[in-house]
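# Breakdown of the fold
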Amino acid sequence: MSLWRWLLAVVCTLLLVLQAVPAHARGPEVLQSSLQRSADGLQLSVRLALVPSPAVEDALLKGVPLYFAWQTEVVRERWYWTDKRISAATRTLRLAYQPLTRRWRVSLSTDGGAIGTGLQYALHQNFDSLPEALAGISRVVNWQIAEPGRLEEGVRYQAQWRFRLDLSLLPRPFQIGMVNQSDWVIEVQRDLDVPANNEADARPEAAAPDAR
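Not measured: the values here are computed from a predicted model.

Right, let's talk about the sheet that holds strand β1 (residues 29-38) for a bit. An order of β1-β2-β7 is seen for the 3 strands of this open sheet, with the pairing classed as antiparallel. Only two strands of the sheet have a single neighbouring strand rather than two, namely β1 and β7 (139-146). Direction aside, neighbouring strands of the sheet carry axes that sit 20 degrees apart on average. Direction of pairing for strand β2 (residues 41-49) relative to β7: antiparallel, over a ladder of 5 bridges. Note on β7: the bridge partner recorded for Gln43 is Gln144.

Written out as structure tokens, the structure is:
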């Protein structure tokens, strides 16, 4: 076999292998991610650019509700032992299409429960389009992830947030075979350093006006 034929055979083989390997899912783009620490506790604000795959959008249009989960954890770093968890928070959002009204309904639950125990929804909101509904799902604003008094002044803490499509809350028939399908993997997470002091305490004091 000539060298060129051998190289051609190698290239063809590589192409066949690459086609057989499923592509990795691309997580939502993080547009904003920040923490604010004050006397009211620790608040998280995140904004993502969430674009569903054709498979996910097709399932929604067929009436299959999908569940998106926000999860946070705040830990205290300890050099002599494992990190200590200070607080954790979870919120689950249910997205469903309503064919009769052609509107999208987002329901918010802060239970963090599973489908078997039943989620209790505290808030419902309707949207005219899927992009509008996804924009509402993929952002949190001033979400309190640690209550006042949980964080000590001058102590180092770290917060982690995670956003994902929770396939475990789907009806059982839809879960089969989805584990290795990249179209159904929507997930992103970040680690953030918690400010050492409250925002008001960190600001320099304003100079006193001259007494005249």
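From this point, things continue past the structure.
Our focus in this paragraph is the environment of Gln120. Position of Gln120 relative to the elements: it lies in the loop between β5 (103-109) and β6 (123-127). Gln120 sits 11 residues away from Ser109 along the chain, and the two C-alpha atoms are 5.8 Å apart.

A separate point is the nonpolar core. Within the largest apolar cluster, 45 residues are counted, with the highest numbers of intra-cluster contacts made by Leu44, Leu66, Phe68, Trp70, Leu95, Trp161 and Phe163. Leu66 has contacts with Val56, Leu60, Leu93, Arg94, Leu95, Leu165, Leu170 and Trp184, leaving out every residue within four places of it along the chain.

What follows covers the pairing of β1. The two faces of a sheet get side chains in turn, since along a regular strand they alternate between them. In this structure, β1 lies alongside β2, joined through 9 bridges in antiparallel fashion. The residue bridging Val30 from the neighbouring strand is Leu48, located in β2. Between β1 and β2, which pair antiparallel one after the other, the connecting turn spans 2 residues.

So, on to the confidence of the model for the chain. Per-residue confidence for the chain gives a mean pLDDT of 79; residues scoring 70 or more make up 73%. Below a pLDDT of 50 lies the segment residues 6-25, which in the model reaches 6 contacts outside its immediate sequence neighbourhood of four places, other chains included.

Turning our eyes to something else, we now look at helix α2 (residues 54-61). Those residues of α2 that sit buried are Val56, Ala59 and Leu60. Mapping the buried residues of α2 onto a view down its axis gives an arc of 100 degrees, with all of them on the same face. On its buried face, α2 is in contact with β3 (66-76), β4 (84-98), β5, α3 (130-137) and β8 (157-165). One or two positions beyond α2, positive phi appears at Gly63, with a value near 95 degrees.

One pass over the structure, following the stated rule, counts 8 salt bridges. Taking the shortest distance from any N to any O, the salt bridge between Asp58 and Lys62 comes out at 3.2 Å. Residues Arg103 and Asp128 are paired through a salt bridge, measuring 3.1 Å at the closest nitrogen-oxygen approach. Taken together, the residues span a long stretch of sequence, with Arg103 in strand β5 and Asp128 in the loop between β6 and α3 at a distance of 25 residues. The exposure class of Asp128 is exposed, given its relative accessible area of 54%.

Cut-offs applied
- Residues numbered from 1 in each chain as written.
- Predicted model: local features only at pLDDT ≥ 70, side-chain atom pairs only at ≥ 80, totals over all residues.
- Heavy atoms only, no water.
- Pairing = 2+ DSSP bridges.
- Helix = DSSP H or I, 4+ residues; strand = E, 2+ residues; numbered from the N terminus.
- Axes fitted to C-alpha atoms, helices over the stretch in contact; angles between N-to-C directions.
- Core = buried A, V, L, I, M, F, W, Y, C linked by side-chain atoms within 4.5 Å.
- Buried < 20%, exposed > 50% of the residue type's maximum accessible area, 1.4 Å probe, protein only.
- Contact = heavy atoms within 4.5 Å.
- pLDDT = per-residue confidence, 0-100.
- Arc of directions from axis to C-beta.
- Salt bridge = Lys/Arg side-chain N within 4 Å of Asp/Glu carboxyl O.

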